[in-house]
Amino acid sequence: MMESLLLKLINTFIPIFVAIDIFVVLPLFISLTEGMSKTERFAVVRDSIVTAALVSIAFIGLGEIIFKVLGITTNDFKIAGGLILLVFAVLDVVKHSEERRMPPGKMGVVPIGVPLIVGPAVLTTLLVLVDHYGLLSTILSLFLNLLVVYVSFINAERIIKLMGRGGIAALSKIMAILLGSIAVMMIRIGIENILRGYAIK
C-alpha cells in the first residue's frame, strides 16, 4: 500500500514540477519583487502560494463536472491536454520562456500566483494526473511542489547566485524537454485507450 502510494507520488510529483518550471519562475519572481522589503516580499510569497493552491483545487473539483456537461471522456482530455503541453514545451525550447510566461498586470497574487506558478500547463497536468493516478496522490504532489516553490521563493536570490542565470536557463530547457516527453506519453496513452475500446467493441 505504502509502496504503491510512494510510486504514485513520484509519478505525479515530477510532471507537476516540470509544468511549474521553478527555474523560469524564480528569475521572474526576483525581477517582480525587486526593491521590496523582506516583509513585503514574504507577504507576496504567502499570497501567491495560497492563490495557486486554491485555484488548483477549484480547477480539479470543477474538472469532472465540466467533463460531464460537455460529454468529454478522460481519453479525449489526455490527448488534448498532451497536445497543449507539447505546444508549451516546444515554445519553451525555441523561445525565451519569459516571453510566454510574463503576463501584463500589476503585482499581487496575479501574476505570480496565477499564471506564473499555476498556469494552463499545470492545470492541464493536474486534471490528467487525477484521472490517471487518483486524487490523493495528485493533491499531495501539488502541495509538495508548492512547498518547493515556497522554499525557492524565500531563498530566491541565494539560489540564483549559486547556480547562475546561465545554469537556471539550461535547466529550464531540460525541464521543457521532459515536459514534451510527458505530453507525448499522455497522447499515446489516450490513443491506446481509445483503440483498445474500439477493439473490445
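Predicted, not measured: the structure shown is a model, and the values here were computed from it. Numbers given for residues are sequential positions, taken from 1 along each chain in its written order. Totals for whole chains, interfaces and linings use every residue, but because this is a predicted model, local features are given only for residues with pLDDT of at least 70 and side-chain atom pairs only at 80 or more, for both listing and counting. By convention in this description, side-chain values take in all heavy atoms of the structure and omit both hydrogens and water.

Caption draft 1: Molecular detail of the confidence of the model for the chain. As a per-residue measure, pLDDT tells how confident the predictor is, with possible values from 0 to 100. Of all residues in the chain, 92% attain a pLDDT of 70 or more, and the chain-wide mean is 83. Contacts for the low-pLDDT stretch residues 97–106, under 50 throughout, to residues beyond four places or in other chains number 21 contacts. Contacts are assigned to residue pairs with any non-hydrogen atoms lying within 4.5 Å of each other.

Caption draft 2: Layout of the pattern of salt bridges. The term salt bridge refers to a pairing of a side-chain nitrogen on Lys or Arg with a carboxyl oxygen on Asp or Glu at a separation within 4 Å. Following the criterion strictly, the structure yields three salt bridges and no others. Of the charged contacts, one joins Arg41 and Glu157 as a salt bridge, the two residues approaching to 3.4 Å between their closest N and O atoms. Of this pair, Arg41 sits in helix 3 (residues 38–70) while Glu157 is found in helix 9 (residues 156–200), placing the two residues 116 residues apart along the sequence. With a 1.4 Å probe rolled over the protein chains alone, any residue whose accessible area is under 20% of its type maximum counts as buried; one over 50% counts as exposed, and the rest are partly exposed. Residue classification places Arg41 among the buried residues on the basis of a relative accessible area of 16%. Given the relative accessible area of 41%, Glu157 is considered partly exposed. Measuring nitrogen to oxygen at the nearest pair gives 3.3 Å for the salt bridge that ties Asp47 to Arg46. The exposure class of Asp47 is partly exposed, given its relative accessible area of 30%. Classification of Arg46 by relative accessible area gives partly exposed; the value is 43%. Under the scheme used here, helices are H or I runs from DSSP no shorter than 4 residues and strands are E runs no shorter than 2 residues, and both carry numbers assigned from the N terminus.

Caption draft 3: Structural detail: the environment of Pro111. Considering the arrangement of structural elements, one finds Pro111 in helix 6 (residues 109–117). Considered as a pair, Pro111 and Phe29 are 82 residues apart in the sequence and their alpha carbons are 9.6 Å apart.

Caption draft 4: Structural detail: the packing of aromatic side chains. Any Phe, Tyr or Trp ring, taking Trp's six-membered ring, that has another such ring centre within 6.5 Å forms a pair; planes under 30 degrees apart are called stacked, those over 60 apart edge-to-face, and the others tilted. Scanning all chains against the criterion turns up four aromatic pairs. Here the aromatic rings of Phe13 and Phe17 are separated by 5.9 Å at their centres, their planes lie at 15 degrees, and the arrangement is stacked. One end of the pair, Phe13, and the other, Phe17, are both in helix 1 (residues 2–20), four residues apart, so they sit about a helical turn from each other. Measuring from ring centre to ring centre gives 6.5 Å for Phe42 and Tyr150, while their planes differ by 75 degrees; the resulting arrangement is edge-to-face. A residue pair is termed long-range when its members are at least 10 positions apart, and Phe42 in helix 3 and Tyr150 in helix 8 (residues 135–154) qualify at 108 residues. Judged by its relative accessible area of 29%, Tyr150 falls in the partly exposed class. Three or more aromatic residues link up through ring pairs in this structure, and these residues are Phe13, Phe17 and Phe23.

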